[in-house]
Amino acid sequence: MYCSEECKAMEWTKYHDAECAVFPSMLKMNFGKIDLLSLRLAIQAVREATSIEELRKELKEVDSWDDPRTKGFCKNGIFASDKYRSLLGLVTNTEKRSVQDLFRRSLDASFILYFLATCTNMFGSPLQKDLSMLIKNVDVTFVGGLILRHQQMIPSNVHSFSEERDLGVVERGTAVMPFLSLINHSCSPNVSRHSRSKHIVMYAIYPIEKGEQIFDNYGQHYAITPRNERQKRLLKQYYFECNCLPCQEDWPLYYNLKSFTSLVKKKEDEIKIIHALQKMNKYVDIATEGNILDENIVDGLLKMIEVLYDLVPMPCEEMNDVVETLRRVYDLSGNRVEKLEL
Ligand SMILES: C[S@@+](CC[C@H](N)C(=O)[O-])C[C@H]1O[C@@H](n2cnc3c(N)ncnc32)[C@H](O)[C@@H]1O
């Protein structure tokens, strides 16, 4: 479904003319979002490069790049989030995957490739449904390799788009945004991502010093999920053992977090914090009701974070409350669908 005729026409020439011929067979076989997106990216990649030959050269260049920090960057030194080349620099975790995982993805990629080669003009004209011929076609096997690469890159890198509906959150889709995919995870992140109509905004939620690493959160937050569970999930989807501070020190869940009143040693600091948090209850009420007309709310919450950050060791109950209220305000300032009054 498209939001407008203009959007439909644009997407048709970019990839949908080809994927539209393949999706019905894939959906019949219960292929999921990752597979559909893997195919779409392969079609876009070939079209962006103008030919399979050009794409082959680009892939070779990126894969033989010797500095992992700039893999996928353009030759002018820019990491262009809207260019397919940037995707080629993203991690696939291939070497950490099990044989079963790789076997299943290879099988899926082969089916997708078969439909693409035999039902579309991707390789000039629809090719014969003859596997012994298809396997000898180097262009076909090259595009199959790309689909397989996407199937491994997507689960470790893509982001979902969401929308506020009344007081809940509804997921609206998935997008590959290479720049955001460069950011590692922490169970206590220092930035927060929020969907807007055509992009995602990333806000700093704690003071970040020059040279300090930016950390996102991959859905496993220290205050919500116990350490063992977080580590298990991160290892399963992202193939790493999390070594962030909350994991090292096994920070407590939300209901066991200590208040600043028991964490701060000096009376004068306690007074400064009480003073800084004066409007907190008002801000929590505003964020809960979803009516964020108070234009000072963001600045007010950021100021509270600064004071707590300077005076209280983490983890701290009030810091968590302020950050979560700020995140809620940022969510509410984005895509929002209000319930229709009947
Ligand atoms: C979205 S990418 C992040 C950027 C990636 N590190 C890179 O170099 O392109 C996700 C992958 O980064 C690695 N990663 C992310 N956070 C990590 C962390 N805290 N410790 C170790 N590896 C991490 C894992 O391999 C994970 O699958």
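Residues numbered from 1 in each chain as written. Predicted model: local features only at pLDDT ≥ 70, side-chain atom pairs only at ≥ 80, totals over all residues. Heavy atoms only, no water.

Right, let's get into the site of the ligand. As a structural note, the neighbourhood of the ligand is formed by Val91, Asn93, Ser156, Asn157, Ser181, Leu182, Ile183, Asn184, His185, Tyr218, Tyr238 and Phe240. Backbone polar atom of His185 to a nitrogen atom of the ligand: 2.9 Å apart, as the coordinates give it. Between the ligand and the protein, one listed contact pairs an oxygen atom with a backbone N or O atom of Tyr238 at 2.7 Å. Protein contact buries 76% of the 560 Å² of open area that the ligand shows by itself. Taken together, the elements giving at least two residues each to the shell around the ligand come down to helix H7 (138–157) and strand S3 (184–185). For the shell around the ligand, a count of residues per class yields six nonpolar, six polar and no charged. (Near = heavy atom within 4 Å. Polar contact = N/O pair within 3.5 Å; in protein donor to acceptor, adjacent residues only side chain to side chain. Areas by Shrake-Rupley, 256 points an atom, 1.4 Å probe, with all protein chains shown as cover. Helix = DSSP H or I, 4+ residues; strand = E, 2+ residues; numbered from the N terminus. Nonpolar A, V, L, I, M, F, W, Y, C, P; charged D, E, K, R; others polar.)

Per the UniProt annotation, the sites labelled "domain: SET" (unreviewed entry) are residues 18–219. Across residues 18–219, helical content stands at 44% and strand content at 14%; the span's end C-alpha atoms are separated by 34 Å. (UniProt positions renumbered as here; feature names shortened; annotations may be inferred.)

Before going further, it helps to spend a moment on helix H13 (residues 297–311). The terminal C-alpha atoms of H13, which comprises 15 residues, lie 21 Å apart, in line with the 21 Å expected from a rise of 1.5 Å per residue. Listed as buried for H13 are Ile297, Gly300, Leu301, Met304, Ile305, Val307 and Leu308. The arc that holds the buried residues of H13, viewed along the axis, is 165°, so those residues lie on one side. Turned more than 90 degrees away from the buried face of H13 sit Asp299 and Asp310, all of them exposed. At its buried positions, H13 is contacted by helix H11 (267–276), helix H12 (280–289) and helix H14 (317–332). (Expected span 1.5 Å × (residues − 1). Buried < 20%, exposed > 50% of the residue type's maximum accessible area, 1.4 Å probe, protein only. Arc of directions from axis to C-beta. Contact = heavy atoms within 4.5 Å.)

Moving on, we get to helix H2 (residues 33–49). Given 3.6 residues per turn, any residue in an α-helix points the same way as the ones three and four places further on. For H2, which comprises 17 residues, the first-to-last C-alpha distance of 24 Å matches the rise-based estimate of 24 Å (1.5 Å per residue) to within 8%. Each element contacted by the buried residues of H2 is listed here: helix H1 (5–28), helix H3 (52–63), helix H4 (84–87), helix H5 (99–119), H7 and strand S2 (168–175). Just beyond H2, the residue with positive phi is Thr50, at close to 75°.

Time to look at the nonpolar core. Counting residues in hydrophobic clusters, the biggest one holds 42 residues, and the most contacted among them are Met26, Leu39, Leu55, Leu116, Phe123, Val143 and Ile147. Counting only elements with at least two residues in this core, the list comes to H1, H2, H3, H4, H5 and H7. Ranked by residue count, the leading element in this core is H2, at nine residues. One finds Ile205, Met304, Val323 and Tyr330 within the second-largest nonpolar core, a separate group that totals 25 residues. (Core = buried A, V, L, I, M, F, W, Y, C linked by side-chain atoms within 4.5 Å.)

When strand S1 (residues 159–165) meets S2, the two strands line up antiparallel, connected through seven bridges. What sits directly across from Phe161, in S2, is Gly173. Connecting S1 to the antiparallel partner S2 that follows it, the hairpin turn spans two residues, and Asp166 within it adopts a positive phi of roughly 50°. (Pairing = 2+ DSSP bridges.)

Once that is clear, we can look at the packing of H5 against H7. Helix packing for two helices is described by the angle between their axes and how far apart those axes are. Two elements in contact, H5 and H7, have axes separated by 9 Å at closest approach and are oriented at 130°. With respect to their mutual orientation, H5 and H7 come out oblique. Crossing angle aside, the handedness with which H5 passes H7 is right-handed. Across the interface between the two elements, Leu102, Arg105, Ser106, Asp108, Ala109, Ile112, Leu113, Leu116 and Ala117 of H5 pack against Val140, Val143, Gly144, Ile147, Leu148, Gln151, Gln152 and Pro155 of H7. Among the residues making up the contact of H5 with H7, the classes are represented as eleven nonpolar, four polar and two charged. (Axes fitted to C-alpha atoms, helices over the stretch in contact; angles between N-to-C directions. Parallel < 35°, antiparallel > 145°, perpendicular 65-115°, else oblique. Left-handed = near helix turned anticlockwise from the far one by under 90°.)

Glancing now at the sheet that holds S1. Taken in spatial order, the three strands make up an open sheet running S2-S1-S7, and their pairing is mixed. Each end of this open sheet is capped by a strand with a single partner; those strands are S2 and strand S7 (336–337). Relative to S7, S1 is paired through two bridges, and the arrangement is parallel. For Arg165, the partnering residue across the bridge sits in S7 and is Val337.

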